[in-house]
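# Breakdown of the fold
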Amino acid sequence: MPIRKKHFQFLGTLFISLLPMTNFAGQNPNGLEVFDGLWGWEPSNFPTTCDKNPHTLTFSENGKKAYLEFIKPQGESDENITVYSVHEIKGNRITMSIDGEERLDDEGNPVVWDLVLLNKNEYVWHRHDWSFYQFTPPVVRCG
């Protein structure tokens with residue numbers, strides 16, 4: 001029997017349901033210290049790997065802002081930091097949006113992201129207007 005799109009949807013749903021439910025627990029009230037350190041994208045052809053241009057992910061003291069800061073500026077921009085507004089922290093997900101986001105979803109709203117913590121050394125991003133099972137390649141802890 002050939003594999004069809006509905007099979008991939010089922011497999012994606014199954015995959016997400018089996019993800020370890022790593023919570024943000026620890027000294028920080030939201031447990032966000034799990035993100036301390038350097039991070040890089042997993043695919044070796046990305047310009048933002050641990051070897052080429054890793055990043056840090058820090059949070060404001062009240063947990064309402066997140067700061068993703070690369071070692072070097074990205075692309076043609078002189079900017080190396082992206083600021084997010086945190087909307088919700090629940091389980092292993094942080095829902096947030098980029099301040100000043102220009103990309104829009106199909107309904108004309110700025111896109112919203114979930115950072116999904118897979119374990120203490122790996123996370124992925126999911127955009128709210130993507131299919132339930134669509135994620136970015138993994139981001140891994142450097143070192």
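What counts as what
All residue numbers refer to positions counted from 1 along the written sequence of the respective chain. This being a predicted model, a pLDDT of at least 70 is required before a residue's local features are given, and a value of 80 or more before pairs of side-chain atoms are given or counted; all residues contribute to the totals for chains, interfaces and linings. Remark: hydrogens and water are excluded; side-chain values derive from all non-hydrogen atoms of the structure. Two cysteine sulfur atoms form a disulfide, by the criterion used here, when they sit within 2.5 Å. Note on conventions: DSSP H or I runs of at least 4 residues are helices, E runs of at least 2 residues are strands, and numbering of each starts at the N terminus. Remark: exposure states derive from per-residue accessible area (1.4 Å probe, protein chains only) relative to the maximum for the residue type, with buried under 20%, exposed over 50%, and partly exposed in between. Stacked, tilted and edge-to-face are the three classes assigned to paired rings of Phe, Tyr and Trp, where Trp is represented by its six-membered ring and a pair needs centres within 6.5 Å; plane angles under 30 degrees give stacked, over 60 edge-to-face, the rest tilted. Polar contact is defined as a pair of N or O atoms within 3.5 Å, subject to the rule that within protein one atom must be able to donate a hydrogen and the other to accept it, and that residues adjacent in sequence are counted only when both atoms are side-chain atoms. For salt bridges, the criterion is a side-chain nitrogen of Lys or Arg within 4 Å of an Asp or Glu carboxyl oxygen.

## Some remarks on the state of the cysteines
One pass over the full model with this rule turns up 1 disulfide. Sulfur-sulfur distance for the disulfide between C50 and C142 comes to 2.0 Å. Around the S-S axis, the bridge from C50 to C142 shows a dihedral of about -90° and counts as left-handed. Separated by 92 residues along the polypeptide, C50 in the loop between β1 (39-41) and β2 (55-59) and C142 in the segment after β8 (139-141) bring together distant segments of the chain. Exposure remark for C50: the relative accessible area of 26% places this residue in the partly exposed category.

## Section: the packing of aromatic side chains
For any pair of aromatic rings, the description consists of the separation of the ring centres together with the inter-plane angle of the planes. Per the counting criterion, the structure on display carries 9 aromatic pairs. Centre to centre, the rings of W41 and F46 are 5.8 Å apart; their planes meet at 40°, and the pair counts as tilted. Ring geometry for Y123 against W125: centres 5.9 Å apart, planes inclined by 85°, an arrangement best described as edge-to-face. Take Y123 and W125: they sit in the same class, and that class is buried. The structure contains a cluster of three or more aromatic residues connected by ring pairs, namely F35, W39, F59, Y84, W113, Y123, W125 and W130.

## Structural notes on the environment of R93
Its location among the elements puts R93 in strand β5 (residues 93-98). By relative accessible area, R93 is classed as partly exposed at 21%. Only 3.1 Å separates the side chain of R93 from the side chain of D114, close enough to count as a polar contact.

## Side note on the pattern of salt bridges
The full count for this structure, using the stated rule, is 4 salt bridges. Measuring nitrogen to oxygen at the nearest pair gives 2.7 Å for the salt bridge that ties K65 to D99. Of the two residues, K65 is situated in strand β3 (residues 65-70) and D99 in the loop between β5 and β6 (113-119); the sequence distance between them amounts to 34 residues. Exposure remark for K65: the relative accessible area of 28% places this residue in the partly exposed category. Classification of D99 by relative accessible area gives partly exposed; the value is 34%. Notably, a salt bridge pairs D114 with R93, separated by 3.1 Å at the nearest N-O pair.

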